[in-house]
Amino acid sequence: MKNNQDKEIILATEKYLKENFAGEATGHDWYHIRRVWNLSKSIADEEGDVDMFIVEMGALLHDIADHKFHGGDETVGPQRAAEYLNQYDIDEQSKQKIVQIVEEISFKGLGVATIMSTKEGEIVQDADRLDAMGAIGVARAFAYGGSKGRPIYDPLIKPVCHTSFAAYKTSTAPTLNHFYEKLLGLKDRLNTDTGRKEGERRHAFMEDFLQNFYRDWDARIQ
Ligand code: ADP
Ligand code: NI
């Protein structure tokens, strides 16, 4: 951490997010933000050589106005982040780097590249993606699917590889398809060695979950 002012901004941001995202029911609640914040700090500690203030603020603000909850508009998030940051005396370059993280972080379809411009951004993106994997990832996927009125599974509706953000974000497929359309692909899209290592364990859990899901789907005593 750089100085007292940085610390104060981070504390105030934590308070703001806690107040505004508590109890959110789609998997984008304060605890998701807190996990991404903590994971980002841990990855940054392992990776080294980054500006921790940018990592922490990028992690805290990354879901401040997700396109999924603003009619698919991906300009609202970075705009809100910039407005939020403007109340503080932060140098322009740092501000820009934080806003850029919010701008670039989102997954846009398996066939769409999502490259982060900074090392700090790569770390926050890894943290966000790790929180979409493993046991928490399974829980969040069904919470999100339920909030959008999607069925759990329909064997007649096959997963697709989205090659445009527009196709990805307008999909209404059952939640199980999301594993094939995003979640199982995340392990190969992590940026850092630390993220990749942690991703392996979380990926294995999802494979295991799916195997059990299909066994139980068959509804036979085994
Ligand atoms: P991103 O913007 O990269 O999708 P978020 O941090 O906003 O990342 O979180 C996405 C979360 O929402 C993940 O846990 C993901 O599984 C869930 N989610 C997004 N789209 C869907 C979907 N179509 N079906 C089920 N879960 C989804
Ligand atoms: Ni997120």
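Given the structure is predicted, the values throughout are model-derived calculations rather than measurements.

Undergrad: In this structure, what is going on with the pattern of salt bridges? I would like to understand it.
TA: Pairs may arise between side chains of opposite charge once their charged atoms sit close together. Across all of its chains, the model carries twelve salt bridges by this definition. Residues E74 and K169 are paired through a salt bridge, measuring 3.1 Å at the closest nitrogen-oxygen approach. Pair noted here: E74 is in the loop between α3 (52–61) and α4 (76–86) and K169 is in helix α8 (residues 165–170), with a separation of 95 residues, a long-range link. A relative accessible area of 38% means that E74 is categorised as partly exposed.

Undergrad: So what exactly am I meant to see when it comes to the site of ligand 1 here?
TA: Near ligand 1, the surroundings consist of 18 residues, among which H28, S106, F107, D128 and R150 are the closest. In isolation ligand 1 exposes 550 Å². Once the protein is present, 96% of that is buried. Cavity membership is defined here by more than half of the atoms lying within 2 Å of grid points; on that basis ligand 1 lies in the largest pocket. Mapped by element, the contributors of at least two residues to the shell around ligand 1 are α7 (134–147) and α9 (175–181). Residue contributions to the shell around ligand 1 peak at three residues, all from α7. In terms of residue class, the shell around ligand 1 is made up of six nonpolar, five polar and seven charged.

Undergrad: Which parts of the structure should I look at to understand the coordination of the nickel ion (ligand 2)?
TA: Around the nickel ion (ligand 2), the protein contributes the donor atoms H32 (NE2), H62 (NE2), D63 (OD) and D128 (OD), which lie 2.1 to 2.3 Å from the metal centre. All donors of the nickel ion (ligand 2) belong to a single chain; written as a sequence motif, their spacing is H-x29-H-D-x64-D. With H62 in the loop between α3 and α4 and D128 in helix α6 (residues 119–130), the pair connects residues that are 66 residues apart, well separated along the chain. Residue classification places H62 among the buried residues on the basis of a relative accessible area of 4%.

Undergrad: What's the story with the side chain of R129 in this structure? I'm lost.
TA: Within the secondary structure layout, R129 lies in helix α6. The charged side chain of R129 is buried without a salt bridge, its nearest counter-charge being D126 at 6.2 Å.

Undergrad: Would you explain the packing of α4 against helix α5 (residues 92–104) in this entry?
TA: Helix-helix packing: each pair is described by the crossing angle between the helix axes and the interaxial distance. α5 packs onto α4 with a crossing angle of 155° between their chain directions and a minimal axis gap of 8 Å. Judged by the inter-axis angle, α4 sits roughly antiparallel to α5. For the element pair α4 and α5, the recorded crossing hand is right-handed. Along its contact with α4, which presents G77, P78, A81, A82, L85 and N86, the element α5 presents K95, I98, V99, V102 and E103. Of the residues belonging to the contact of α4 with α5, the class tally is seven nonpolar, two polar and two charged.

Undergrad: Quick question: what am I supposed to make of the packing of aromatic side chains here?
TA: For any pair of aromatic rings, the description consists of the separation of the ring centres together with the inter-plane angle of the planes. A complete count under the given rule lists 13 aromatic pairs for this structure. With centroids separated by 6.0 Å and ring planes inclined at 85°, the aromatic side chains of F213 and Y214 adopt a geometry described as edge-to-face. Take Y214: its relative accessible area is 28%, and that puts it in the partly exposed class. Counting every residue linked through ring pairs, the aromatic cluster contains F142, Y153, F179, F209, F213, Y214 and W217. Seen from the ring of W37, K41 lies directly overhead, with NZ or CZ sitting 4.2 Å from the centre. One Lys or Arg, K169, reaches over the ring of F165 and ends 4.4 Å from the middle of that ring.

Calculation criteria
Residues numbered from 1 in each chain as written. Chains lettered and ligands numbered in written order. Predicted model: local features only at pLDDT ≥ 70, side-chain atom pairs only at ≥ 80, totals over all residues. Heavy atoms only, no water. Salt bridge = Lys/Arg side-chain N within 4 Å of Asp/Glu carboxyl O. Helix = DSSP H or I, 4+ residues; strand = E, 2+ residues; numbered from the N terminus. Buried < 20%, exposed > 50% of the residue type's maximum accessible area, 1.4 Å probe, protein only. Near = heavy atom within 4 Å. Areas by Shrake-Rupley, 256 points an atom, 1.4 Å probe, with all protein chains shown as cover. 1 Å grid on protein atoms, 1.4 Å probe; cavity = no way out; pocket = protein on both sides within 12 Å on 5 of 7 lines; lining within 4 Å. Sits in = over half its atoms within 2 Å of the grid points. Nonpolar A, V, L, I, M, F, W, Y, C, P; charged D, E, K, R; others polar. Donors = N, O, S within 2.8 Å, 3.2 Å for Na, K, Ca; no water. Lys, Arg positive; Asp, Glu negative; His and termini not counted. Axes fitted to C-alpha atoms, helices over the stretch in contact; angles between N-to-C directions. Parallel < 35°, antiparallel > 145°, perpendicular 65-115°, else oblique. Left-handed = near helix turned anticlockwise from the far one by under 90°. Contact = heavy atoms within 4.5 Å. Phe/Tyr/Trp six-rings, centres within 6.5 Å; stacked < 30°, edge-to-face > 60°. Lys NZ or Arg CZ within 6 Å of the ring centre and 35° of its normal.

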